[in-house]
Amino acid sequence: MVDVLVELCAGSAALTRWCSGGWKLVSYAGGKDGYAEIIADLMDLRRVERVLLAEPGIWHDVWVALTWGLSDRVADVVEQWQYEDARTLWDALRGGRGQHDHEWVRAARALVLVAGTHGGHERGGFKGLHVNRPSVDGFIPSRGSLAWRLREVPELPPIEVFKYAADVEPFAGACVYIDPPYKGRSGYDHALTRFEVIELAMAWKNAGARVVAVSEAAPLQFDDSWTTHELTAARRGQVRRNSRSAQEWLTVYKKT
Ligand SMILES: C[S@@+](CC[C@H](N)C(=O)[O-])C[C@H]1O[C@@H](n2cnc3c(N)ncnc32)[C@H](O)[C@@H]1O
């Protein structure tokens with residue numbers, strides 16, 4: 001049996017990356033790399049043969065380039081930027097993307113900006129030199145490592161990229177993961193209200209989705225057909241330093 005994964009609020013799409021070999025480019029604020037395995041288990045995800053992603057923010061450009069098979073071209077641009085002064089480059093990229101830039105230049109811009117922005121956010125200041133890691137050149141990973149990671153991106157299942165979660169028409173049999181900006185937190189250029197998140201989840205359930213899972217910093221209140229799971233202790237990798245973001249819950253519906 002194979003699945004179609006729908007990752008709404010995709011950002012860096014940790015679940016899609018986990019399901020396609022567990023590769024990584026840049027850490028993103030709120031990214032679910034540390035929880036992807038447990039989320040996939042709780043969703044009973046099987047082999048993923050097709051993916052639909054929705055993301056209006058900075059990662060949109062990245063996913064467009066990757067799904068068009070342009071990761072080597074993105075790597076070429078990141079490599080060219082390697083020798084620019086870190087701060088000058090970050091300021092220039094933050095200045096805005098060119099309307100006529102190629103897709104691979106837009107993707108390179110997005111990735112280098114996330115790598116160089118404090119907290120891995122879309123907004124925020126320049127990361128700068130690391131207090132305890134003298135080798136950090138203002139970007140984590142460095143531009144050289146990022147280019148190398150881009151060249152190692154594995155073959156991906158067919159991916160369709162959308163902007164907004166509401167742009168994806170719900171369909172039967174889908175495995176849907178929704179990871180919205182958490183209530184009361186900001187830092188992304190786009191937001192969804194709790195009400196919109198619940199409406200979205202219900203629309204997929206009512207359309208006959210096989211599974212719908214929603215991340216939040218608290219269990220969500222639906223009806224009895226949903227179960228809630230605290231994931232906080234199951235996190236893999238680095239512990240989050242910000243205790244406000246330490247709580248992690250998944251609310252799950254499975255079609256019976
Ligand atoms: C918590 S982050 C998702 C992190 C993601 N799971 C990952 O592993 O990187 C929330 C994301 O929702 C996106 N978002 C905000 N409004 C949205 C909308 N209306 N439709 C789709 N995505 C949206 C934000 O741009 C942000 O990237």
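Parameters at a glance
- The written sequence of each chain sets the order in which its residues are numbered from 1.
- The predicted nature of this model means local features are confined to residues of pLDDT at least 70 and side-chain atom pairs, given and counted, to a pLDDT of 80 or more, with totals for whole chains, interfaces and linings taken over all residues.
- Only hydrogens and water are removed before side-chain values are computed, so all heavy atoms of the structure are retained for them.
- In this description, strands pair whenever DSSP reports at least two bridges between them.
- Secondary structure follows DSSP: runs of H or I at least 4 residues long count as helices, runs of E at least 2 residues long count as strands, and numbering of each begins at the N terminus.
- The axes are straight lines fitted to the C-alpha atoms, using for helices just the contacting stretch, and the angles between their N-to-C directions are given from 0 to 180°.
- Here a residue-residue contact requires only that any non-hydrogen atoms of the pair lie within 4.5 Å.
- Ring geometry is summarised as follows: Phe, Tyr and Trp rings, the Trp one being its six-membered ring, pair when their centres sit within 6.5 Å, and such pairs are stacked at plane angles under 30 degrees, edge-to-face over 60 and tilted between the two.
- Burial here depends on accessible area, computed with a 1.4 Å probe over protein chains only, as a share of the maximum for the residue type. Under 20% is buried, over 50% is exposed, and the range in between is partly exposed.
- Placement of a positive charge over a ring is assigned whenever Lys NZ or Arg CZ falls within 6 Å of the ring centre and within 35 degrees of the normal to the ring plane.

The protein goes by DNA adenine methylase in an unreviewed UniProt entry, where it is assigned to marine sediment metagenome.

Okay, the sheet that holds strand 4 (residues 175–178) next. Adjacent strands of a sheet pair through backbone hydrogen bonds, lying either parallel or antiparallel. Pairing in this open sheet of seven strands is mixed, and the strands run 3-2-1-4-5-7-6 from one edge to the other. Strands at the two margins of the open sheet, each flanked by one partner only, are strand 3 (159–162) and strand 6 (226–230). When strand polarity is set aside, the average angle formed by the axes of neighbouring strands in this sheet is 20°. With respect to the sheet, helix 3 (residues 59–67) is in contact with strand 2 (47–54) and strand 3, its orientation differing from that of strand 3 by roughly 155°. Where helix 8 (residues 194–206) meets the sheet, its contacts fall on strand 1 (2–8), strand 4, strand 5 (211–216), strand 6 and strand 7 (249–254), and the angle it forms with strand 5 comes to roughly 165°.

Tallied over the entire structure, the rule returns eight aromatic pairs. A ring pair is formed by Trp23 and Trp63, whose centres lie 6.1 Å apart and whose planes are at 65°; its orientation type is edge-to-face. Remark: Trp63 occurs in helix 3 and Trp23 occurs in the loop between helix 1 (14–19) and helix 2 (36–42); sequence separation between them is 40 residues. You can call Trp23 buried: its relative accessible area is 9%. A cation over a ring is seen here: Arg73 above Trp104, with NZ or CZ 4.3 Å from the ring centre.

In terms of backbone geometry, most residues other than glycine have negative phi values and most peptide bonds are trans. Between Ile140 and the following residue, Pro141, the backbone shows a cis peptide bond with an omega angle of 0°. With respect to the helices and strands, the residue Pro141 is situated in the loop between helix 6 (103–116) and helix 7 (143–151). We note that Cys9 has phi near 55°; this positive angle belongs to a residue other than glycine. Within the secondary structure, Cys9 is located in the loop between strand 1 and helix 1. On the basis of relative accessibility, which here comes to 16%, the residue Cys9 falls in the buried class. Here Asp44, not a glycine, exhibits a phi torsion of approximately 55°, which is positive. If you trace the backbone, Asp44 turns up in the loop between helix 2 and strand 2. The exposure class assigned to Asp44 is partly exposed, which follows from its relative accessible area of 39%.

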